[in-house]
Amino acid sequence: MNKKNVCITLGIMCFLLTVAIIIQFNTIKNANMIAGQGGVSTELKDEVLKWKEKYDQTFKELEKSEEELEIQRESASNNDLVSSEKQEELKLANILLGLTQVSGRGTIITVEDNKNVTSETIGALENISDYMVHAEDLWMIVNELKNARVEAISINDERIIANSSITCEGNVILINGNVVSSPFVITSIGSPEAIIGALDRPDGIIDFLERDGVIVNMEGKEKVTIPKYNGIIDVKYIRNAD
Amino acid sequence: MVILSIIIGCLLGVIIGVNAPLIPYAYSSYLAISIIAALDSVFGGISSTLKGNFDFKIFVSGFFCNAILSILLTYLGQKLNVDIYLATIVVFVGRMFTNLTIIRRHYLEKWNTKKEQNKQ
Amino acid sequence: MKKGKWTIIVTIGIMSFILVLVMFMQFKVVEQTDIVGIENMRDTELREALADWKEKYEETNKKLEENRAKISEYKEKISENKEVSEILEKELEEANIILGKTDVEGDGVIITLTDNDEKTYTYSNILDLINELKFAGAEAISINDIRVIGNTYIANISNRYIILNNNNKITSPYVIKAIGDQNNMQSNLSIKGGYIYVLSGNGYTINMEAKKKIKIYKHEGELDLKYIEK
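Residues numbered from 1 in each chain as written. Chains lettered and ligands numbered in written order. Predicted model: local features only at pLDDT ≥ 70, side-chain atom pairs only at ≥ 80, totals over all residues.

Visitor: Tell me about the overall build of chain B, residues and numbers included.
Guide: A count of helices and strands for chain B gives four helices and zero strands. Against the 2.2 N^0.38 benchmark of 14 Å for 120 residues, chain B shows a C-alpha radius of gyration of 18 Å, more extended than a compact globule. Here chain B, with 120 residues, has 20% of them falling under the buried criterion. In chain B, once contacts between residues fewer than 6 apart in sequence are set aside, the share between residues at least 24 apart is 68%. (Helix = DSSP H or I, 4+ residues; strand = E, 2+ residues; numbered from the N terminus. Rg over C-alpha atoms; globule rule 2.2 N^0.38 Å. Buried ≥ 20, exposed ≤ 12 C-beta atoms within 10 Å, placed from the backbone. Contact = placed C-beta atoms within 7 Å.)

Visitor: Tell me what's going on with the overall build of chain A, and back it up with residues and numbers.
Guide: Helix and strand counts for chain A stand at six helices and nine strands. The C-alpha radius of gyration computed for chain A amounts to 30 Å, which surpasses the reference 18 Å derived for 242 residues by more than 25%, pointing to a less compact arrangement than a globule. Dimensions of chain A, computed from C-alpha atoms along their principal axes, come out at roughly 100 × 70 × 40 Å. Looking at the 242 residues of chain A, the share that counts as buried comes to 30%. At a minimum sequence separation of 6, the contacts of chain A that also span at least 24 residues come to 73%.

Visitor: Go over the sheet that holds strand S4 (residues 154-156) of chain C with me, naming the residues and quoting the values.
Guide: Within a sheet, adjacent strands bond to each other through the backbone by hydrogen bonds, running parallel or antiparallel. All names here are of chain C. Strand order across the open sheet formed by three strands is S4-S5-S6, with antiparallel pairing between neighbours. Looking at strand neighbours, the two that pair on one side only are S4 and strand S6 (168-170), the edges of this open sheet. The mean angle between the axes of side-by-side strands here comes to 30°, regardless of whether they run parallel or antiparallel. Pairing geometry for S4 and strand S5 (residues 162-164), over three bridges, is antiparallel. In the strand pairing of S5, Asn-156 is matched with Ile-162. (Pairing = 2+ DSSP bridges. Axes fitted to C-alpha atoms, helices over the stretch in contact; angles between N-to-C directions.)

Visitor: Explain the interface of chain C and chain A to me, and be specific about the residues and the numbers.
Guide: Taken together, the contact between chain C and chain A spans 67 residues of the former and 68 residues of the latter. Elements represented by at least two residues in the side of chain C that touches chain A include exactly helix H1 (3-36), helix H2 (43-79), helix H3 (85-99), strand S1 (104-114), helix H4 (123-135) and S4 of chain C. At 22 residues, the largest contribution of residues to the side of chain C that touches chain A is made by H2(C). Sheet topology places strand S9 (residues 239-240) of chain A next to S1(C); two bridges connect them, and they run antiparallel. Looking at the pairing, Arg239(A) lines up with Glu105(C) of S1(C).

Visitor: Please give an account of the sheet that holds strand S8 (residues 215-226) of chain A that cites residues and values.
Guide: Residue and element names in this part refer to chain A. Spatially, S3-S2-S7-S1-S8 is the arrangement adopted by the five strands of the open sheet, whose pairing is antiparallel. Unpaired on one side and paired on the other, strand S3 (158-160) and S8 mark the two borders of the sheet. Direction aside, the axes of adjacent strands within the sheet are offset by 25° on average.

Visitor: Can you lay out the pairing of S1(C) for me, pointing to particular residues and giving the numbers?
Guide: Residues and elements named next belong to chain C. Direction of pairing for S1 relative to strand S8 (residues 205-216): antiparallel, over a ladder of 10 bridges. Across the sheet, Gly-108 pairs through a bridge with Lys-211, a residue of S8. Note: S1 against strand S7 (residues 174-179), six bridges, orientation antiparallel. Bridge pairing links Val-109 to Ala-178 in S7.

Visitor: So what's going on with the nonpolar core? Which residues, and what values?
Guide: By size, the foremost hydrophobic cluster in this structure holds 66 residues, and its most contacted members are Leu138(A), Ile189(A), Leu133(C), Ala138(C), Ile141(C), Ala178(C) and Ile179(C). Here this core gets six residues from one element, more than from any other, and that element is helix H4 (residues 135-147) of chain A. Ignoring any residue separated from it by four or fewer positions in sequence, one finds Ile141(C) in contact with Ile130(C), Leu133(C), Val148(C), Ile176(C), Lys177(C) and Ala178(C). If you look at the next biggest cluster of nonpolar residues, it comprises 16 residues, including Ala67(B), Phe17(C), Val20(C) and Leu21(C). (Core = buried A, V, L, I, M, F, W, Y, C linked by C-beta atoms within 7 Å.)

Visitor: Which residues make up the packing of helix H2 (residues 28-51) of chain B against helix H3 (residues 56-80) of chain B, and what values do they have?
Guide: Packed helix pairs are specified by the crossing angle of their axes together with the interaxial distance, meaning the distance between the axes. Residue and element names in this part refer to chain B. For the pair H2 and H3, interaxial distance at closest approach is 8 Å and the crossing angle is 150°. The angle between H2 and H3 places the two elements in the roughly antiparallel class. Seen along the crossing, H2 lies across H3 with a hand that is right-handed. Across the interface between the two elements, Ser-29, Tyr-30, Ile-33, Ser-34, Ala-37, Ala-38, Asp-40, Ser-41, Gly-44 and Gly-45 of H2 pack against Phe-59, Gly-62, Phe-63, Asn-66, Ala-67, Ser-70, Ile-71 and Thr-74 of H3. Of the residues in the contact of H2 with H3, the class split is eight nonpolar, nine polar and one charged. (Parallel < 35°, antiparallel > 145°, perpendicular 65-115°, else oblique. Left-handed = near helix turned anticlockwise from the far one by under 90°. Nonpolar A, V, L, I, M, F, W, Y, C, P; charged D, E, K, R; others polar.)

Visitor: Could you give an account of the packing of H3(B) against helix H4 (residues 84-119) of chain B, naming the residues involved and the relevant values?
Guide: Residue and element names in this part refer to chain B. Between H3 and H4, the least distance of the axes is 7 Å, while the angle of their chain directions is 150°. Our classification of the angle between H3 and H4 gives roughly antiparallel. Residues Ser-70, Leu-73, Thr-74, Leu-76 and Gly-77 of H3 touch H4, and the partners they reach there are Ile-84, Tyr-85 and Thr-88. Residue classes in the contact of H3 with H4 are distributed as four nonpolar, four polar and no charged.

Visitor: Describe in detail the pairing of S7(C), supporting the description with residues and values.
Guide: Bridge count between strand S2 (residues 140-143) of chain C and S7(C): four bridges; the pairing is antiparallel. Pairing of Ala140(C) across the sheet is with Ile179(C), part of S7(C).

Visitor: I'd like to hear about the interface of chain B and chain C, residue by residue, with values.
Guide: Contacts between the two partners involve 25 residues from chain B and, on the opposite side, 22 residues from chain C. Counting only elements with at least two residues in the side of chain B that touches chain C, the list comes to helix H1 (2-19), H2 and H3 of chain B. Sorting elements by how many residues they give to the side of chain B that touches chain C places H1(B) first, with 12 residues. The class makeup of the residues in the side of chain B that touches chain C is 20 nonpolar, five polar and no charged.

Visitor: Requested: an account of the environment of Lys221(A), with residues and values cited.
Guide: All names here are of chain A. As for its position among the elements, Lys-221 is in strand S8. Lys-221 sits in the partly exposed class, given 14 other C-beta atoms within 10 Å. Each C-alpha atom, one on Lys-221 and one on Pro-192, is 7.2 Å from the other, the two residues being 29 residues apart in sequence. Setting aside its immediate chain neighbours within four residues, Lys-221 contacts Gly-106, Thr-107, Ile-108 and Pro-192.

So yeah, pure geometry; function would need other evidence.
Next up, the structure:
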């Protein structure tokens, strides 16, 4: 082959290659636009991560500001009896609201889905969902705990405060808007004797759950620690009545 | 001395990396492939040091060029809808294993010769 | 040491720094991606997640600014040697509103549960409703004018009476007042699968109305802590 042919052949090959690449580029670009895949999804994913990071940072700053606020209150009311009293009241209020970590005597109750059963091993008349823990079971336990005068409750690191809700969203349980899964560790502070007495009696809530097939474990402890509420308590609709 | 600078560099990298801001999700796939390319360069550097033919310029240029080339290939692959990055992974990891074998053999031979010497 | 050797050392140092830096940044992104679970989400779920995180951020930011304002107020008062009991009083008042120690009012809904010949309400029906209201953002709730607070509990003591907090006996009809986002509460309870939909479908008598300026009374009784270590 002489030089001229080589050049022409190479030129044609380059031409074909470039054309093919550009055609493919455009095809994919159009396909992505129609299917709404690729570009849009990655942008959205990016945004989600960005806002989560912003939230994480702001939350950390919020915790720091809470600490500083506490320091300001302390130093402000040092010389003032009236202010000191109010500060103590405020501290108590924050504990009651669930905004601080607390510890004391109490109990730990563990409930979990019974994983040892499958659709084959149970009787024909039974329902496998009976062997799993439901949102209703959890708030019935919470109700019984309140009956036994507990002073703080948490389920798997989610503090149960006055406005906490426990709901089912499809297959998962949400507490305070966060997903919580089995096993559920319910920690509470109060008199262990009163709590165990109230829940573990015949026909009590524990009996009821165990008869359903859920695995329940309960023990009193000399010291348990319950974390603080991790969200923001904000009121938008209520105000003091005139 | 060289080892010291490596350790210091790594420590600094850890400290700053943990506190660095989040990179955009879209670039994370490019970053991943360039890390693999760079690691391949590192292994290549180690094995050539042991063989005695370490060339600093080849090492540094390979480090950065491999990373850049793999990023470009991944980008091209996304535009053409061909998963080119898969091939780069195969090549780089394959080379890592080859280099690792060389390193391993080198040290095993060294250990063997030492044993022989002690026997005598 | 020769200049050449220095170059080598510094360059290798920089290279290992870059490599490790980049690795950890990548680790971080992947970790966050896993935490948020966005890998397998579709567009609609992503938009929901985005709105969620944005809202969380805004709430937290607002609280942060409030705290900052309070801190500067305190600092001002301290530097001027004035009484800080006023600021404390205000903070205490806010806390007491949320705790239920004061009478409050606002827009909300009133739900009436009446026993009929077929179906009687038990304590778990009422618990269920309270739970759903809280999920829908109710900020203050009362049952037959008894305020529901953090440690309120409900139990059946016979077929006709339900008891709240050990000494409040109530009976049908049960009037449940809730102050909060009216639209949210109404839609959450009325949609398919919601409390009102399910119970009225099962033969219970239940009624809901939206109302402005609902008044909810304060909790009677003391709140004291015996077991929590201070």
